[in-house]
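The residues making up each chain are set out below.
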Amino acid sequence: SALGIAVKASITLSFMGLNKGLFTGEGPNYCSTVCFDSLKVPSSIYRELTPIARRVSLEKDAAGLAPRERTGHKGLYGHLLIIGGDHGMGGAVMMASEAAHYVGAGVVTVLTRGEHIAPLLSRHPECMALDSDTHSTTVDDILAKATVIVAGPGIGTGAWAVSLLQKALATDTPLVLDADGLNFLTSGAGEAFRQRGNWVLTPHPGEAARLLQSSTKEIALDRFGCVKQLSDRYNAIVALKGAGTLISEGTEDTARLANVGNPGMATAGMGDVLSGVIGGLLAQQLSLGDAANVGVW
(Lines give C-alpha, C1' and ligand atoms only; values in the text may rest on other atoms or scores of the structure.)
Protein backbone atom coordinates (compact mmCIF):
# COMPACT_ATOMS: atom_id res chain seq x y z
CA SER A 1 0.00 0.00 0.00
CA ALA A 2 1.09 3.57 -0.63
CA LEU A 3 1.21 5.14 2.82
CA GLY A 4 0.78 8.81 2.04
CA ILE A 5 2.89 10.18 -0.82
CA ALA A 6 4.83 7.58 -2.79
CA VAL A 7 7.17 7.82 -5.78
CA LYS A 8 6.06 6.19 -8.99
CA ALA A 9 9.43 4.83 -10.05
CA SER A 10 10.74 3.78 -13.44
CA ILE A 11 13.16 1.33 -11.81
CA THR A 12 13.10 0.05 -8.23
CA LEU A 13 16.14 -1.51 -6.57
CA SER A 14 15.79 -4.13 -3.86
CA PHE A 15 18.88 -5.18 -1.91
CA MET A 16 19.63 -8.48 -0.13
CA GLY A 17 15.99 -9.55 -0.30
CA LEU A 18 13.07 -8.77 -2.57
CA ASN A 19 10.50 -6.66 -0.73
CA LYS A 20 7.16 -8.46 -0.78
CA GLY A 21 5.12 -5.28 -1.26
CA LEU A 22 6.63 -4.62 -4.68
CA PHE A 23 4.74 -7.51 -6.24
CA THR A 24 1.17 -7.40 -4.96
CA GLY A 25 -1.62 -4.98 -4.14
CA GLU A 26 -0.73 -1.41 -5.16
CA GLY A 27 2.98 -2.19 -5.34
CA PRO A 28 3.18 -2.89 -9.08
CA ASN A 29 1.64 0.54 -9.80
CA TYR A 30 4.59 2.25 -8.10
CA CYS A 31 7.69 0.12 -8.65
CA SER A 32 7.66 -0.60 -12.43
CA THR A 33 10.83 -2.63 -13.25
CA VAL A 34 12.30 -4.33 -10.17
CA CYS A 35 16.05 -4.99 -10.02
CA PHE A 36 17.74 -7.06 -7.32
CA ASP A 37 21.26 -7.14 -5.91
CA SER A 38 22.21 -9.56 -3.13
CA LEU A 39 25.22 -7.40 -2.13
CA LYS A 40 27.17 -10.67 -2.13
CA VAL A 41 25.32 -12.13 0.85
CA PRO A 42 26.45 -15.79 1.01
CA SER A 43 23.91 -18.36 -0.15
CA SER A 44 24.33 -20.16 3.18
CA ILE A 45 22.70 -17.18 4.91
CA TYR A 46 19.66 -17.38 2.64
CA ARG A 47 19.29 -21.09 3.34
CA GLU A 48 18.96 -20.35 7.05
CA LEU A 49 16.03 -17.97 6.52
CA THR A 50 12.37 -18.78 6.03
CA PRO A 51 10.96 -16.50 3.34
CA ILE A 52 7.68 -14.67 3.84
CA ALA A 53 6.64 -15.73 0.36
CA ARG A 54 7.83 -17.77 -2.60
CA ARG A 55 6.95 -16.84 -6.15
CA VAL A 56 5.07 -19.41 -8.21
CA SER A 57 7.23 -20.95 -10.91
CA LEU A 58 5.94 -23.36 -13.53
CA GLU A 59 9.34 -25.05 -13.62
CA LYS A 60 8.99 -25.94 -9.92
CA ASP A 61 5.24 -26.15 -9.44
CA ALA A 62 3.97 -27.92 -12.55
CA ALA A 63 5.72 -31.25 -12.11
CA GLY A 64 2.29 -32.86 -11.96
CA LEU A 65 1.70 -31.86 -15.58
CA ALA A 66 4.20 -34.39 -16.92
CA PRO A 67 3.48 -35.80 -20.40
CA ARG A 68 0.75 -38.41 -20.38
CA GLU A 69 1.31 -42.04 -21.24
CA ARG A 70 0.34 -42.92 -24.80
CA THR A 71 -2.35 -45.29 -23.48
CA GLY A 72 -4.08 -42.63 -21.37
CA HIS A 73 -7.88 -42.38 -21.49
CA LYS A 74 -10.49 -40.01 -20.03
CA GLY A 75 -11.10 -42.24 -17.03
CA LEU A 76 -7.61 -41.50 -15.77
CA TYR A 77 -8.06 -37.73 -15.71
CA GLY A 78 -10.98 -37.27 -13.39
CA HIS A 79 -14.68 -36.44 -13.45
CA LEU A 80 -15.30 -32.82 -12.58
CA LEU A 81 -18.78 -31.65 -11.55
CA ILE A 82 -19.51 -27.92 -11.88
CA ILE A 83 -22.52 -26.60 -9.97
CA GLY A 84 -23.98 -23.17 -10.68
CA GLY A 85 -25.69 -20.95 -13.21
CA ASP A 86 -28.91 -19.66 -11.67
CA HIS A 87 -31.36 -17.75 -13.86
CA GLY A 88 -29.55 -15.23 -16.04
CA MET A 89 -26.06 -16.38 -14.98
CA GLY A 90 -25.47 -19.42 -17.17
CA GLY A 91 -22.34 -17.98 -18.75
CA ALA A 92 -20.35 -18.61 -15.58
CA VAL A 93 -20.67 -22.41 -15.73
CA MET A 94 -20.07 -22.36 -19.49
CA MET A 95 -16.73 -20.61 -19.05
CA ALA A 96 -15.76 -22.82 -16.11
CA SER A 97 -16.57 -26.03 -17.97
CA GLU A 98 -14.64 -24.98 -21.08
CA ALA A 99 -11.62 -24.02 -18.99
CA ALA A 100 -11.68 -27.37 -17.17
CA HIS A 101 -11.65 -29.28 -20.44
CA TYR A 102 -8.94 -27.07 -21.93
CA VAL A 103 -6.56 -27.92 -19.07
CA GLY A 104 -7.23 -31.63 -19.47
CA ALA A 105 -10.04 -32.85 -17.20
CA GLY A 106 -11.21 -36.25 -18.41
CA VAL A 107 -14.97 -35.71 -17.99
CA VAL A 108 -16.88 -32.55 -17.11
CA THR A 109 -20.51 -32.48 -15.97
CA VAL A 110 -22.45 -29.27 -15.37
CA LEU A 111 -25.45 -29.19 -13.03
CA THR A 112 -27.43 -26.03 -13.77
CA ARG A 113 -30.82 -24.52 -14.59
CA GLY A 114 -32.64 -26.04 -17.54
CA GLU A 115 -32.63 -22.80 -19.53
CA HIS A 116 -28.85 -23.00 -19.86
CA ILE A 117 -28.61 -26.55 -21.21
CA ALA A 118 -29.10 -25.78 -24.92
CA PRO A 119 -26.69 -22.81 -25.11
CA LEU A 120 -24.15 -24.69 -23.02
CA LEU A 121 -24.15 -27.73 -25.30
CA SER A 122 -24.11 -25.66 -28.47
CA ARG A 123 -21.03 -23.81 -27.22
CA HIS A 124 -19.31 -26.69 -25.44
CA PRO A 125 -20.57 -30.08 -26.66
CA GLU A 126 -17.84 -32.03 -24.83
CA CYS A 127 -19.50 -31.51 -21.46
CA MET A 128 -22.49 -33.32 -20.01
CA ALA A 129 -25.22 -30.89 -18.98
CA LEU A 130 -27.90 -31.76 -16.45
CA ASP A 131 -31.02 -29.81 -15.50
CA SER A 132 -31.01 -29.65 -11.71
CA ASP A 133 -34.81 -29.35 -11.57
CA THR A 134 -35.94 -32.13 -13.89
CA HIS A 135 -33.13 -34.67 -14.26
CA SER A 136 -34.19 -38.17 -13.28
CA THR A 137 -30.99 -38.82 -11.29
CA THR A 138 -30.93 -37.26 -7.83
CA VAL A 139 -28.38 -34.61 -6.93
CA ASP A 140 -26.85 -37.01 -4.41
CA ASP A 141 -26.26 -39.60 -7.14
CA ILE A 142 -24.68 -36.98 -9.40
CA LEU A 143 -22.40 -35.83 -6.59
CA ALA A 144 -21.36 -39.41 -5.86
CA LYS A 145 -19.96 -39.86 -9.39
CA ALA A 146 -17.71 -36.80 -9.23
CA THR A 147 -14.05 -37.00 -8.26
CA VAL A 148 -13.83 -33.18 -7.95
CA ILE A 149 -16.49 -30.45 -7.52
CA VAL A 150 -16.48 -26.78 -8.48
CA ALA A 151 -19.34 -24.95 -6.78
CA GLY A 152 -20.38 -21.34 -7.02
CA PRO A 153 -20.00 -19.89 -10.54
CA GLY A 154 -23.20 -17.95 -11.19
CA ILE A 155 -25.03 -19.84 -8.47
CA GLY A 156 -26.68 -16.84 -6.80
CA THR A 157 -27.92 -16.64 -3.24
CA GLY A 158 -31.47 -18.00 -3.40
CA ALA A 159 -33.00 -21.21 -2.05
CA TRP A 160 -31.88 -23.15 -5.15
CA ALA A 161 -28.26 -22.18 -4.47
CA VAL A 162 -28.47 -22.94 -0.76
CA SER A 163 -29.87 -26.42 -1.37
CA LEU A 164 -27.17 -27.35 -3.91
CA LEU A 165 -24.32 -25.88 -1.87
CA GLN A 166 -25.39 -27.69 1.27
CA LYS A 167 -25.36 -31.00 -0.59
CA ALA A 168 -22.02 -30.33 -2.29
CA LEU A 169 -20.25 -29.16 0.86
CA ALA A 170 -21.57 -32.13 2.84
CA THR A 171 -19.46 -34.47 0.67
CA ASP A 172 -15.78 -35.16 1.34
CA THR A 173 -14.91 -34.74 -2.36
CA PRO A 174 -12.12 -32.25 -3.22
CA LEU A 175 -13.85 -28.96 -3.97
CA VAL A 176 -13.24 -25.49 -5.38
CA LEU A 177 -15.54 -22.81 -3.96
CA ASP A 178 -15.97 -19.48 -5.73
CA ALA A 179 -18.30 -16.50 -6.19
CA ASP A 180 -21.60 -16.77 -4.29
CA GLY A 181 -20.42 -20.11 -2.95
CA LEU A 182 -18.01 -18.04 -0.83
CA ASN A 183 -20.78 -15.69 0.23
CA PHE A 184 -22.77 -18.75 1.31
CA LEU A 185 -20.09 -19.46 3.92
CA THR A 186 -20.79 -16.11 5.58
CA SER A 187 -24.48 -16.94 6.01
CA GLY A 188 -26.14 -18.85 8.79
CA ALA A 189 -26.78 -21.79 6.44
CA GLY A 190 -23.08 -21.99 5.61
CA GLU A 191 -21.75 -21.79 9.15
CA ALA A 192 -21.65 -25.56 9.63
CA PHE A 193 -19.30 -25.99 6.67
CA ARG A 194 -16.64 -23.38 7.48
CA GLN A 195 -14.07 -25.96 8.61
CA ARG A 196 -14.91 -28.48 5.87
CA GLY A 197 -11.34 -28.84 4.58
CA ASN A 198 -10.15 -30.56 1.39
CA TRP A 199 -10.98 -27.46 -0.63
CA VAL A 200 -9.65 -24.39 -2.42
CA LEU A 201 -11.30 -20.99 -1.88
CA THR A 202 -10.77 -18.30 -4.54
CA PRO A 203 -11.99 -14.95 -3.17
CA HIS A 204 -11.43 -11.53 -4.69
CA PRO A 205 -10.82 -8.76 -2.11
CA GLY A 206 -14.54 -8.02 -1.67
CA GLU A 207 -15.34 -11.67 -0.97
CA ALA A 208 -12.29 -11.93 1.30
CA ALA A 209 -13.56 -8.97 3.30
CA ARG A 210 -16.92 -10.65 3.82
CA LEU A 211 -15.27 -13.93 4.81
CA LEU A 212 -13.17 -12.11 7.43
CA GLN A 213 -15.95 -9.69 8.46
CA SER A 214 -13.60 -6.94 7.43
CA SER A 215 -13.39 -4.32 4.65
CA THR A 216 -11.68 -4.24 1.28
CA LYS A 217 -9.48 -1.41 2.59
CA GLU A 218 -8.23 -3.62 5.43
CA ILE A 219 -7.60 -6.46 2.98
CA ALA A 220 -5.52 -4.13 0.79
CA LEU A 221 -3.43 -2.98 3.75
CA ASP A 222 -2.30 -6.51 4.63
CA ARG A 223 -2.87 -9.02 1.84
CA PHE A 224 -0.27 -11.43 3.27
CA GLY A 225 -1.86 -11.43 6.70
CA CYS A 226 -5.35 -11.78 5.27
CA VAL A 227 -4.60 -14.81 3.10
CA LYS A 228 -3.14 -16.54 6.17
CA GLN A 229 -6.20 -15.63 8.26
CA LEU A 230 -8.51 -16.98 5.57
CA SER A 231 -6.56 -20.22 5.33
CA ASP A 232 -6.64 -20.74 9.10
CA ARG A 233 -10.26 -19.72 9.60
CA TYR A 234 -11.61 -21.92 6.81
CA ASN A 235 -9.09 -24.80 6.90
CA ALA A 236 -8.41 -24.24 3.20
CA ILE A 237 -5.94 -23.49 0.48
CA VAL A 238 -6.86 -19.90 -0.41
CA ALA A 239 -6.10 -17.92 -3.56
CA LEU A 240 -6.57 -14.22 -2.78
CA LYS A 241 -7.07 -12.77 -6.24
CA GLY A 242 -5.89 -9.43 -7.55
CA ALA A 243 -2.64 -7.99 -8.89
CA GLY A 244 -0.02 -10.31 -7.43
CA THR A 245 -2.40 -13.11 -6.44
CA LEU A 246 -1.45 -14.74 -3.13
CA ILE A 247 -1.96 -18.44 -2.44
CA SER A 248 -1.81 -19.80 1.08
CA GLU A 249 0.01 -23.04 1.74
CA GLY A 250 -2.35 -24.36 4.34
CA THR A 251 -0.51 -24.82 7.63
CA GLU A 252 2.67 -23.18 6.30
CA ASP A 253 3.46 -19.57 7.18
CA THR A 254 4.99 -19.03 3.74
CA ALA A 255 2.59 -17.72 1.11
CA ARG A 256 2.93 -18.22 -2.63
CA LEU A 257 2.97 -15.16 -4.86
CA ALA A 258 1.98 -15.21 -8.55
CA ASN A 259 3.06 -11.87 -9.96
CA VAL A 260 1.76 -12.66 -13.43
CA GLY A 261 -1.19 -11.52 -15.53
CA ASN A 262 -2.21 -8.12 -16.82
CA PRO A 263 -5.06 -5.60 -16.44
CA GLY A 264 -6.79 -7.04 -19.51
CA MET A 265 -7.86 -9.83 -17.13
CA ALA A 266 -9.98 -7.35 -15.17
CA THR A 267 -13.25 -8.48 -16.70
CA ALA A 268 -16.33 -10.39 -15.59
CA GLY A 269 -15.91 -14.14 -15.95
CA MET A 270 -12.19 -14.37 -15.26
CA GLY A 271 -12.85 -15.89 -11.83
CA ASP A 272 -15.16 -18.49 -13.38
CA VAL A 273 -12.38 -19.48 -15.75
CA LEU A 274 -9.95 -19.75 -12.82
CA SER A 275 -12.28 -22.03 -10.86
CA GLY A 276 -12.63 -24.29 -13.90
CA VAL A 277 -8.87 -24.39 -14.42
CA ILE A 278 -8.17 -25.29 -10.78
CA GLY A 279 -10.95 -27.89 -10.81
CA GLY A 280 -9.60 -29.40 -14.01
CA LEU A 281 -6.11 -29.68 -12.50
CA LEU A 282 -7.49 -31.27 -9.33
CA ALA A 283 -9.31 -33.79 -11.50
CA GLN A 284 -5.90 -34.82 -12.83
CA GLN A 285 -4.79 -35.52 -9.25
CA LEU A 286 -2.65 -32.49 -8.60
CA SER A 287 -2.63 -31.60 -4.92
CA LEU A 288 -4.80 -28.76 -3.68
CA GLY A 289 -1.79 -26.46 -3.36
CA ASP A 290 -0.27 -27.37 -6.74
CA ALA A 291 -3.62 -27.00 -8.50
CA ALA A 292 -4.09 -23.54 -6.98
CA ASN A 293 -0.56 -22.41 -7.83
CA VAL A 294 -0.53 -23.70 -11.39
CA GLY A 295 -4.15 -22.68 -11.96
CA VAL A 296 -3.50 -19.09 -10.93
CA TRP A 297 -0.41 -19.00 -13.14
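Predicted model only: the values in this text are computed from it and were never measured.

## Topic: the overall build of the protein
Each helix and strand in the protein was counted, giving 13 helices and 12 strands. For 297 residues, the compact-globule formula gives about 19 Å, and the C-alpha radius of gyration of the protein, at 20 Å, lands near that figure. Overall, the protein is about 65 × 50 × 35 Å in size when its C-alpha atoms are taken along their principal axes. For the protein, the proportion of its 297 residues judged to be buried stands at 48%. A separation of at least 24 residues holds for 61% of the contacts in the protein among residues at least 6 apart in sequence. Only carbon and sulfur atoms are counted for the fraction: they give 54% of the accessible area of the protein, which is about 14600 Å². Averaged over its 23 positive side-chain charges, the protein has a centre that lies 5 Å from the centre of its 27 negative ones.

## What to know about a nonpolar patch on the surface
Together, Ile11, Leu13, Phe15, Met16, Leu18, Phe36, Leu39, Ile45, Tyr46 and Leu49 give the surface a local cluster of nonpolar side chains, amounting to about 960 Å² of exposed area. Residue assignment for the nonpolar patch shows that the elements contributing at least two residues are strand S1 (11–15) and helix H2 (43–47). Here the nonpolar patch takes three residues from S1, the largest share from any one element. Mapped onto the elements, Leu49 comes out in the loop between H2 and strand S3 (53–55). Relative accessible area serves as the criterion here: at 54%, Leu49 is assigned to the exposed category.

## Structural notes on the packing of helix H4 (residues 90–102) against helix H12 (residues 270–283)
For the pair H4 and H12, the least separation of the axes is 7 Å and the interaxial angle reads 35 degrees. The interaxial crossing formed by H4 with H12 has right-handed handedness. Along the contact surface, H4 presents Ala92, Met95, Ala96, Ala99 and Ala100, while H12 presents Asp272, Val273, Ser275, Gly276, Val277 and Gly280. For the contact of H4 with H12, the class distribution of residues is seven nonpolar, three polar and one charged.

## Some details on the pairing of strand S4 (residues 79–83)
In terms of residue burial, S4 counts as a mostly covered element, since five of its five residues are buried. Both faces of S4 are covered, namely the face carrying His79, Leu81 and Ile83 and the face carrying Leu80 and Ile82. In the sheet, S4 pairs with strand S5 (residues 107–112) via five bridges, with the strands oriented parallel. Paired with Ile82 across the two strands is Val110, which belongs to S5. Each parallel crossover has a hand, and the one from S4 via H4 to S5 is right-handed. Both S4 and strand S7 (residues 148–151) contribute to a ladder of four bridges, which runs parallel. Each residue of the ladder has a partner; that of Ile83, found in S7, is Ala151.

## Here we look at the sheet that holds S3
Taking strand neighbours across the sheet as the criterion, the 10 strands line up as S3-S12-S11-S10-S9-S8-S7-S4-S5-S6 in an open arrangement whose pairing is mixed. Strand pairing shows two members of the sheet lacking a second neighbour, S3 and strand S6 (128–131), which therefore form its edges. Taken pair by pair, the neighbouring strands of this sheet meet at an average axis angle of 20 degrees, ignoring direction. Docked against the sheet, H4 engages S4 and S5, running at close to 170 degrees with respect to S5.

## A closer look at the environment of Val294
On the secondary structure map, Val294 appears in helix H13 (residues 288–296). Between the alpha carbons of Val294 and Asp61 there is a distance of 6.6 Å; along the sequence they are 233 residues apart. Excluding its chain neighbours within four sequence positions, the residues that come into contact with Val294 are Leu58, Asp61, Ala62, Leu65, Leu281 and Leu286.

What counts and what doesn't
Residues numbered from 1 in each chain as written. Predicted model: local features only at pLDDT ≥ 70, side-chain atom pairs only at ≥ 80, totals over all residues. Heavy atoms only, no water. Helix = DSSP H or I, 4+ residues; strand = E, 2+ residues; numbered from the N terminus. Rg over C-alpha atoms; globule rule 2.2 N^0.38 Å. Buried < 20%, exposed > 50% of the residue type's maximum accessible area, 1.4 Å probe, protein only. Contact = heavy atoms within 4.5 Å. Areas by Shrake-Rupley, 256 points an atom, 1.4 Å probe, with all protein chains shown as cover. Lys, Arg positive; Asp, Glu negative; His and termini not counted. Charge placed at Lys NZ, Arg CZ, Asp CG, Glu CD. Patch = residues over 30% accessible without salt bridge, like charges linked within 9 Å, V, L, I, M, F, W, Y side chains within 5 Å. Salt bridge = Lys/Arg side-chain N within 4 Å of Asp/Glu carboxyl O. Axes fitted to C-alpha atoms, helices over the stretch in contact; angles between N-to-C directions. Left-handed = near helix turned anticlockwise from the far one by under 90°. Nonpolar A, V, L, I, M, F, W, Y, C, P; charged D, E, K, R; others polar. Pairing = 2+ DSSP bridges. Right-handed = clockwise from strand over helix to strand, strands pointing away.

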